[in-house]
Each structure stands twice: as structure tokens, then as C-alpha cells.
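As a plain string of letters, each chain reads:
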Number of protein chains: 2
Amino acid sequence: MNPIQLFDPVSSTFTYIIAGPNDDEAAIIDPVDEHWERDLAHIERLGLRLVYILETHAHADHVTSAGRLRALTGAKAAVPSGCGIPPAELQLCDGDVIRFGKEETIAVLHTPGHTAGSMCYVWRGNVFTGDTLLIDGCGRTDFQGGSAAALYDSVTRKLFALPDATRIWPGHDYKGQSVSTIGWEKQHNARLANRSLADFVVLMGQLNLPRPKLIDVAVPANRNLGLPHSV
Amino acid sequence: MNPIQLFDPVSSTFTYIIAGPNDDEAAIIDPVDEHWERDLAHIERLGLRLVYILETHAHADHVTSAGRLRALTGAKAAVPSGCGIPPAELQLCDGDVIRFGKEETIAVLHTPGHTAGSMCYVWRGNVFTGDTLLIDGCGRTDFQGGSAAALYDSVTRKLFALPDATRIWPGHDYKGQSVSTIGWEKQHNARLANRSLADFVVLMGQLNLPRPKLIDVAVPANRNLGLPHSV
Ligand SMILES: [Fe+2]
Ligand SMILES: [Fe+2]
């Protein structure tokens, strides 16, 4: 079972809609502000009802539509408990399971590193990795409680422990790639395959990436599910 | 079961990779020349082996990578018999069934209208509609043996006869939409829902679309599976 994968070309962000076969309830993962109409149109055309809106973390590069989708559909917002997003109904912890539809389950994995609170979500042989593990790469670890050592642990101990055939659906891709597998990334990921923790920490420390342009707007907005703060 | 959906932003073309659960054989539908490496990377990362390359028609707006993928993988090319693509191994007719993997079947529907030879492919509750039926629209009918009356018949008698929950994966989209259903298009498609044949023929006759820029290059190339003609 694959998700519906949608793309925001401005921030290179993937959004996912998931639903079981012959089911009428859906969840959406990491929806992007500008695309709330596109995303609702998909849900309507597929005959689905949105029941959960999940965030993998408080994004620094785009604003979520979670608050708006929640207001329009009545779906519940489910976010990592460590990301400081108080208005969400569900504050998720490692090991939690979200149930929806006839028999769908989403298993919650706490995978700190890109941010301290980052989570990955496992559904039907798929893992939604946010910015923890990207295709042939990984998220940066230099803000919001990020830690290269924590990311190394999250990927090598938690994600690489999933079955090799598990499909990886990342939060971003900048090279036109859409999906990978645990087996492939374990063997080939340019940053994490066959690399020691010490090497990885040095590598991440040398990236010298520019500060995300939107961070001062996006993070506070995302901590309020993308809605304007009340005065 | 959803396909892997990939996009070419230059021609707004969708390419699809399909495979059964826990299977190792895959088919690809309407691959685009420029993206052969991207597409093979997906197949490799997913641990799949490409066995069929399907074309919905001889495209006028982009060149296929079918010939190249065939040479690199040994997969067979399967094309509509009425599209004039002689080098393909399989010349498909209405009602044919392609089998691959452990138990995958692709049912072939001849749906003339966009071009005289156009086909749609049905797999696991999904229909790949090429340019016959688009999301909230349809392909043009003014070249390559196109016929508005034939398209109307193909859509209303063949595609709209599929179960309402069947997911529609189109060959193009120009509005950021990715997937629809037969049920939704039957009720809402701007060109075809609740419209008479006569009205539809008038509508299509008034479109006055410019001639596709690439048609004189793309169609001859696609009739040779995208490979340069030998002298
Ligand atoms: Fe991020
Ligand atoms: Fe076409």
C-alpha cells in the first residue's frame, strides 16, 4: 500500500495522504499552507474524510496548513510532544499508536536529531521520515535542538532496524527522487551508510549551511499549527 | 494499492511505476526520456526488476524513454496496436491482459478519442488513463486520428462503467492535482459530466488549441520507442 504523495515545488516538501483499501477515513502528513485547497480536493475526489493531521516536526522552511485543515474538516492534529506545538489535540510519544479507518494503525517513532522532537510514522510497510532520513541524505542538525549524534542513533538504531523492504517517504527531496527503502539506504545512503558516529558528527559539523530564510516566521507559525497567533 | 507517481514538470507528464506487495517485478507506464535515470533509480531502490514498459499512446508533447529502458533492463515494450509503434514486442488489443510478478494483471481497454489508438490500463482498482480522461478534463482530440465523438464514447461507456471507487491516474495534469476517481469525474468533470455527445463535440471543436510544439519530433520518435531512427 503506497500513500498519495504530493509535492510543493517552492520548498521541495512532500505531503502524504494515507487511507486503507476500501476505507473512507484518511490521515495527512506534513501538509503545506499554500496547498490546503489542493489537498482537500484530493480528499474529496477520493471519497475520503480527513480524521488526522500529522506533523513530523515544527518545520523551519514552510508553514503547515494543519490548523486550517483542522478547522475545515474537524480532523485532529497529532504532533510530536517534544516540538512545542500546544494547540494540537494529540501530543505523541515514542511507541504511541494512532488508529483510524477500519483497521489502519500508525506507529510513532521518536527520532531526535534533525530537531529534538522529530518523529517518524510507520504505516503498512511505509515509514514517513520527515527530515530525519532523506533519500541518499538526511536533514540538517544545526538548530531547534538538532544533534548529529542523536540523528545518527535515530537512523541507525531505530530506522535501520525496520525491515529492509520498508518504503521510505521523506519530508523533502531536492533531486527529483520520491521514495526509497530501508535496505537501500542502509547500504548506499551517502551520509549514513557504513559511516561511524564520529565521522558522521564531523561531516555534519562541516556543512556550514545558511540559516533557513523562513525560520523566524515558520517555526513560530508551525508551533501554532500554521494559524495566526491570537493577540 | 497505489502506484508510485512521478512527474515531469517540463511537459506536466505523469509516469507510474507499479508492483504488487512483496513482489519483485515492476511495470512502468509512460516514462519520459529525460527521466530514465530517475526512474531506474526508483526501481533499484525499491528492489524491483522492470519487466514491462507500457505506453498509453504515441505522445505528441514529450519523448518516451521506453526504448532506452528496454535496452538497459531487458523489459518488454507493450503499446497500443493502433498507435503505429512497430518496434514494441507487445501490440495490445482491447481486452488483452498483461501478467507480471506473483499475481499482477493489467487489463487493457482501447479508448480511442485523444488519438485513434489510445489505451487505458486497469490494475488493482486503478485506471491509468493517459490523455483520454484527465482530472476535471480530458485530452484534446484534434490530431493523430483524434475524435471528440470517439472520446465521449470511450469515457462514458468504458471508463465510467468502471466501479466508482476506481482511482484515476492521468497522463498529465496542469493544475497541481494528482489522482481522482471514476465516481467523482462522472459527477463533476467539467467537460464530460452530465453533458450530451452533441454538446461535447461542439465544445471540443471550439478549443482552438495551438499545435503542440514538439509534435513533429515527438510522434516519429515515440513510434520508434524514443530511439533515434536507424538510417
Ligand atoms: Fe525540517
Ligand atoms: Fe497525448
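It should be noted that the structure appears before, not after, this text.
Residues numbered from 1 in each chain as written. Chains lettered and ligands numbered in written order. Predicted model: local features only at pLDDT ≥ 70, side-chain atom pairs only at ≥ 80, totals over all residues. Heavy atoms only, no water.

## Structural notes on the pairing of strand β10 (residues 126–130) of chain B
Residue and element names in this part refer to chain B.
At step 1: Among the 5 residues of β10, 5 are classified as buried, and the element is accordingly described as predominantly covered.
At step 2: In β10, alternate side chains face the same way, and those of Asn126, Phe128 and Gly130 on one face and Val127 and Thr129 on the other are all buried.
At step 3: Where strand β9 (residues 119–123) and β10 come together, 3 bridges link them in antiparallel fashion. Across the sheet, the residue bridging to Tyr121 is Phe128, located in β10.
At step 4: Hairpin connection, β9 to β10: the antiparallel pair is bridged by 2 residues, and Arg124 has positive phi, about 50 degrees.
At step 5: In the sheet, β10 pairs with strand β13 (residues 167–170) via 4 bridges, with the strands oriented parallel. Bridge pairing in β13 links Gly130 to Pro170. (Buried < 20%, exposed > 50% of the residue type's maximum accessible area, 1.4 Å probe, protein only. Helix = DSSP H or I, 4+ residues; strand = E, 2+ residues; numbered from the N terminus. Pairing = 2+ DSSP bridges.)

## Considerations on empty space enclosed by the protein
At step 1: On inspection of all chains with the given rule, the structure shows 2 cavities of 30 Å³ or more.
At step 2: As a volume, the largest cavity reaches approximately 50 Å³.
At step 3: Together, A:Asn2, A:Pro3, A:Ile4, A:Ile17, A:Ile18, A:Ala19, A:Leu46, A:Leu48, A:Trp123, B:Asn2 and B:Arg167 line the largest cavity.
At step 4: Residues of the lining of the largest cavity, tallied by class, amount to 8 nonpolar, 2 polar and 1 charged.
At step 5: Estimates place the volume of the second largest cavity at around 40 Å³.
At step 6: Around the second largest cavity, the lining residues are A:Pro3, A:Gln5, A:Trp169, B:Pro3, B:Ile4, B:Gln5 and B:Trp169. (1 Å grid on protein atoms, 1.4 Å probe; cavity = no way out; pocket = protein on both sides within 12 Å on 5 of 7 lines; lining within 4 Å. Points joined across faces, edges and corners; volume = space filled by probe spheres on them. Nonpolar A, V, L, I, M, F, W, Y, C, P; charged D, E, K, R; others polar.)

## Here's the deal with the sheet that holds strand β13 (residues 167–170) of chain A
At step 1: In spatial order, the strands read β7-β8-β9-β10-β13-β14 (chain A); together these 6 strands make up an open sheet with mixed pairing. The sheet is open, and its two borders are formed by β7 (97–100) and β14 (180–181) of chain A, each paired with just one other strand.

## Side note on the coordination of the iron ion (ligand 2)
Octahedral six-donor coordination of a metal ideally yields angles of 90 or 180 degrees, compared with 109.5 degrees for tetrahedral four-donor coordination.
All names here are of chain B.
At step 1: Each protein donor to the iron ion (ligand 2) is listed here as His57 (NE2), His114 (NE2) and Asp131 (OD); together their distances run 2.0 to 2.3 Å.
At step 2: Counting gaps between the donor residues of the iron ion (ligand 2) yields the pattern H-x56-H-x16-D. A residue pair is termed long-range when its members are at least 10 positions apart, and His114 in the loop between β8 (104–110) and β9 and Asp131 in the loop between β10 and β11 (133–134) qualify at 17 residues. As far as the burial class goes, His114 and Asp131 line up, both buried. (Donors = N, O, S within 2.8 Å, 3.2 Å for Na, K, Ca; no water.)

From the geometry alone we can't say anything about function, so treat these as descriptive.
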